[in-house]
Structures are given as C-alpha cells and as structure tokens.
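Listed below are the residues making up each chain.
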Amino acid sequence: MYAQEVKSTGKGVKALEEMSAEERAFQERIDAGEKIEPKDWMPDGYRKTLVRQISQHGHSEVVGQLPEGNWITRAPTLERKSILLAKVQDEAGHGLYLYSAAETLGVSRADLIDDLLAGRAKYSSIFNYPTLNWADMGAVGWLVDGAAIVNQVALQRTSYGPYSRAMVRICKEESFHARQGYDIMMKMAGGTAAQKQMAQDALDRLWWPALMMFGPPDADSVHSAQSMAWKIKVMTNDEGRQKFVDQTIPQIEYLGLEVPDQDAVLDAESGHYRFTDPDWREFFEVLKGNGPCNVDRLRARNMAHDEGAWFREGLMAHAKKQQIAAE
Amino acid sequence: MTNEWPLWEIFIRGQHGLSHRHVGSLHAPDAEMAILNARDVYTRRNEGVSLWVVKSSDISASAPGRKGPMFDPSNDKTYRHPTFFDIPDEVGSM
Ligand SMILES: [Fe+2]
Ligand SMILES: [Fe+2]
Ligand SMILES: [Fe+2]
C-alpha cells in the first residue's frame, strides 16, 4: 500500500509461551484489542516496524502531491483547479499527521525527511508513474485514492493509538478525493469520443500500478506475519487487492469503459472477481528506484526542501529574536 | 539540529460549549505560527471555533507504568457512588 515493503523483525512470530513476561503482556493487550500509546512499554521490533511503516506512509502522502501538483496550473476550469488544489493540500496534511504519529515513537521528523531526500526511504511505487494528461487526474483520484481508502479504512483498527487516530482523520478526508476523481471520469467518459478515449487510456495505464499498491502477493511478503500479529497491519495484501478489484470493476462498467484485464470475471461461487496479477518484476524495479519518475520525484522534493530552507531558517531566527526580546 | 522548528500540541474547541480537545501536533517556529499552521492543517472543514497550542516540551504526563496505583478507582470506597445510599421511593428522585 502506501507502505508496500515494510521490513519487520525478519523472524517468525513467537508463540505466547516463548515470550518474556513483558512481551506476553503486550501481546495480550493487542489480542484484546487495546490500543498501545506512546509511553507504554513495547518490544523494540514493534517500535522499529511502526516507524518504518508510518514514515513510508507519510513519505507517500508527501511525494503523492507531485503527480497531481503537475496539473494544478493546467486544470481545465477554475472550479477544477480549486478542487485539485484542495485535494493536494489535504495530502500535505496527511503527511503531517503521519510524521507526527511517527514522532511519538521517538524519532525526529527532520531525520525521516533526510532519509527520504537522500533516497534511503521508500514511498509507494504508484507515485513513480507519470500523469500525462487531465484524464489522469480523474484516474488518480478514483483509483489511487480508492485503493488507499481500502487500506486506510482497515488501518483505523491498527494497534498503535496515534497511527490509528491519524487514519481516522485521513479517512474522513479521503472520500472527497475519490469522488472528485470519479466525477472527472464521468465527465470524460460521457464526453466526446476523444475524451472517452482519454479516460480509457488513463484507466489502462493506472490499473496495474494501482493493483501493485497493495504490495507483493501474500505468499511472497516475508514480513507480514509479525506485523499482522502485532496488528500494525490489519489486512493482508491480497485481501486488500481483492476488495479493491471487487469494488472497482462495477464502477468501470458504470462509466462504460473496458476493464483493462480480459480475464477479469465474476466468480459466481465466491462472489469475487478473478483477475490477472500485475507484473511483479516491474513492481520490484520501481521500488528499487527504476520506475519512470523516481529520479524526477526525488529531485522535485530536494528542490522544494532546499529552496524553502531560507524561509524555515528565517522564521526560526525571528522567533528566537522575539524570545530574547521578551526575556 | 537545533534549528528544527519545535513541536506543538494542538487543541480544538469543536463547538461553543465544549472543551478543547487534543487533535494532534505540528512543528512551528513560534506560537503565532503554530496557530496559523494548526488552522490550515486541522480546521479546513468546520472542525472548530477555537484553537490552543502548547509546546510539547511543556507538557508533563503521568507515567503509564503507574496506571494501577494512579487511577485506582477506589472500589472499596463504595460510598462515593450515589447507589450506596438507599433512599425510599416515596422521597422521589434524588
Ligand atoms: Fe492521503
Ligand atoms: Fe493519497
Ligand atoms: Fe487522498
């Protein structure tokens, strides 16, 4: 998802009997559905895994502003421009909520951001794909935020209090994101033949990367078991992907567009759609930094950070001066 | 780096008549900017009518390890609860 490859302890999940008294009491709190709060005792691996997951999630929100930011100045109407601006502003807020949640675990936001800027941190593969035209703004809001919603709704039940509360806040804002995207798609799919073709093309290109957002298949996702036991993760990658496909295919049909997967059919028995896996080789390449826009995205983030330095430092200098004058 | 903007805790009064409630935190150089940033981040959709900001480092918290003794509900002191006292029905509600 927004955190697709979070390394956990790398070890198997311990049975309750193998745990120390502290670990065991901790696991029992989690099993009972209690929330863990910042000052509570927690295993080192829990803290580290959470920092990785929450910071990757935060980085995804921040980098995720870039593909849509690309179209703010070129929105077709003033109303569409205002909507897109508000949506992108929300994403900045999401990044902030998540960094704040990570900071309650004893890390500094400045360090997390340094990791991102230096290319040491991961963010969602989806944001390394380009947004080529206005139809992509529809497809991104609808599919990318739609996929994110599936994951984030589940994460409201995550065991770490500050992370869970950040998810509640984020989910309240996300449905605006998905709906404004679908609204763009409805306009374009119901427009001229050329507009409809643009909508289809955007769907064709973003469908597979959207499926990849949920991360590698459960069978290949080594770190999931411990994260699930700790309820850092509350839904498996495959469960999320299936849910997304099931909700999205009828929406594609409503638009009168073609599902980009010839083999996607409703399995009458299970009530779920069968679908083709995305190209996992491509996914791992993008994660490694070899996607179409990885270099661009990091360059844009670094530029924004460097060019904003004078402003951050200036305000801090002003605040210090005021403080000295008051003393 | 000491030049990092300090962390502030943000409290919002959702509606008139309610208390301020903690909603999250953010970094800002000073209180004035913390309020402006909090408005932008936490109140974009009618979430509040008033904001408080407090430097995180100025908050003292109870220790979670002492939850037991600290928040002992004093269940032995049952007389603290109104149901401890039997008031005859004829007296009416009290
Ligand atoms: Fe978001
Ligand atoms: Fe998003
Ligand atoms: Fe969003």
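Conventions adopted
- Residues numbered from 1 in each chain as written.
- Chains lettered and ligands numbered in written order.
- Predicted model: local features only at pLDDT ≥ 70, side-chain atom pairs only at ≥ 80, totals over all residues.
- Heavy atoms only, no water.
- Axes fitted to C-alpha atoms, helices over the stretch in contact; angles between N-to-C directions.
- Helix = DSSP H or I, 4+ residues; strand = E, 2+ residues; numbered from the N terminus.
- Parallel < 35°, antiparallel > 145°, perpendicular 65-115°, else oblique.
- Left-handed = near helix turned anticlockwise from the far one by under 90°.
- Contact = heavy atoms within 4.5 Å.
- Nonpolar A, V, L, I, M, F, W, Y, C, P; charged D, E, K, R; others polar.
- Patch = residues over 30% accessible without salt bridge, like charges linked within 9 Å, V, L, I, M, F, W, Y side chains within 5 Å.
- Areas by Shrake-Rupley, 256 points an atom, 1.4 Å probe, with all protein chains shown as cover.
- Salt bridge = Lys/Arg side-chain N within 4 Å of Asp/Glu carboxyl O.
- Buried < 20%, exposed > 50% of the residue type's maximum accessible area, 1.4 Å probe, protein only.
- Pairing = 2+ DSSP bridges.
- pLDDT = per-residue confidence, 0-100.
- Donors = N, O, S within 2.8 Å, 3.2 Å for Na, K, Ca; no water.
- Tetrahedral: all angles 85-135°; square planar, octahedral: opposite > 155°, others 65-115°.
- Core = buried A, V, L, I, M, F, W, Y, C linked by side-chain atoms within 4.5 Å.
- Buried area = accessible area lost by both parts, 1.4 Å probe.
- Polar contact = N/O pair within 3.5 Å; in protein donor to acceptor, adjacent residues only side chain to side chain.

With respect to the packing of helix α2 (residues 44–63) of chain A against helix α4 (residues 78–103) of chain A
Residue and element names in this part refer to chain A. One way to put it is that α2 packs onto α4 with a least axis distance of 8 Å and a crossing angle of 160 degrees. Our classification of the angle between α2 and α4 gives roughly antiparallel. The element α2 and its partner α4 pack so that their crossing is left-handed. Where α2 approaches α4, its residues I54, S55, H57, G58, H59, E61 and V62 are matched on the opposing element by E91, H94, G95, L98, Y99, A101 and A102. Tallied by class, residues from the contact of α2 with α4 come to 6 nonpolar, 6 polar and 2 charged.

A closer look at unusual backbone geometry
You will see that K231 of chain A, though not glycine, has its phi angle at about 55 degrees, which is positive. Within the element layout of this structure, K231 of chain A appears in the loop between α9 (224–229) and α10 (237–255). Even without a glycine there, the phi angle at N46 of chain B is positive, about 60 degrees. Tracing the sequence through the fold places N46 of chain B in the loop between α1 (31–42) and β3 (50–55).

Regarding a nonpolar patch on the surface
Together, Y79, F84, F85, I87, V91 and M94 of chain B line one region of the surface with nonpolar side chains, adding up to about 680 Å² of accessible area. Taking the relative accessible area as the measure of exposure, M94 of chain B reaches 80% and is therefore exposed.

Some remarks on the sheet that holds strand β1 (residues 7–13) of chain B
All names here are of chain B. Taken together, 3 strands build an open sheet; the order of strands is β2-β1-β3 and the sheet is antiparallel. Each end of this open sheet is capped by a strand with a single partner; those strands are β2 (20–27) and β3. Pairs of neighbouring strands in the sheet enclose a mean axial angle of 25 degrees, with direction left out of account.

Section: the confidence of the model for chain B
Per-residue pLDDT for chain B averages 89, and the proportion of residues at 70 or more is 97%. For this predicted complex, the interface confidence score (ipTM) comes to 0.85, while the overall pTM stands at 0.92.

Some points on the coordination of the iron ion (ligand 1)
All names here are of chain A. Note on the iron ion (ligand 1): its protein donors are E61 (OE), E91 (OE), H94 (ND1) and E174 (OE). The metal-donor distances range over 2.0 to 2.7 Å. If you look at the iron ion (ligand 1), its 4 donor atoms make angles of 81 to 153 degrees with each other, and the shape they trace is irregular. The sequence motif formed by the donor residues of the iron ion (ligand 1) is E-x29-E-x2-H-x79-E.

Quick notes on the nonpolar core
Membership of the largest hydrophobic core comes to 89 residues, with the highest contact counts inside it found for Y46, I54, Y160 and F244 of chain A together with L26 and Y42 of chain B. In contact with L26 of chain B, other than residues within four places in its own chain, are L96 of chain A together with P6, L7, W8, I10, A34, N37, A38 and Y42 of chain B. Formed by 6 residues, the second largest nonpolar core is a distinct cluster that contains Y129, M212, F283 and L287 of chain A.

A few points about the interface of chain A and chain B
Taken residue by residue, the interface counts 23 residues in chain A and 21 residues in chain B. Summing both partners gives a buried area of about 1900 Å² for chain A against chain B, and 51% of it is carried by carbon and sulfur. Here chain A is connected to chain B by 4 salt bridges. One can count 8 residue pairs in polar contact (both at pLDDT 80 or more) joining chain A with chain B. Within the residue set of the side of chain A that touches chain B, elements represented by two or more residues are α4, α5 (109–117), α7 (161–189) and α13 (309–326) of chain A. Take the side of chain A that touches chain B: its biggest share by element is 8 residues, from α13 of chain A. For the side of chain A that touches chain B, the class distribution of residues is 8 nonpolar, 4 polar and 11 charged.

Describing the pattern of salt bridges
Residues and elements named next belong to chain A. Enumeration over the complete set of coordinates arrives at 23 salt bridges over all chains. The partner of E34 in a salt bridge is R29, and the shortest N-O contact between them spans 2.8 Å. Relative accessible area serves as the criterion here: at 38%, E34 is assigned to the partly exposed category. Between D279 and R281 there is a salt bridge, with its nearest N and O atoms 3.7 Å apart. Residue class for D279 comes out partly exposed when judged on its relative accessible area of 34%. You can call R281 exposed: its relative accessible area is 66%. Here the salt bridges share partners, and the residues they tie into one network are E68, K87, E91 and D145.

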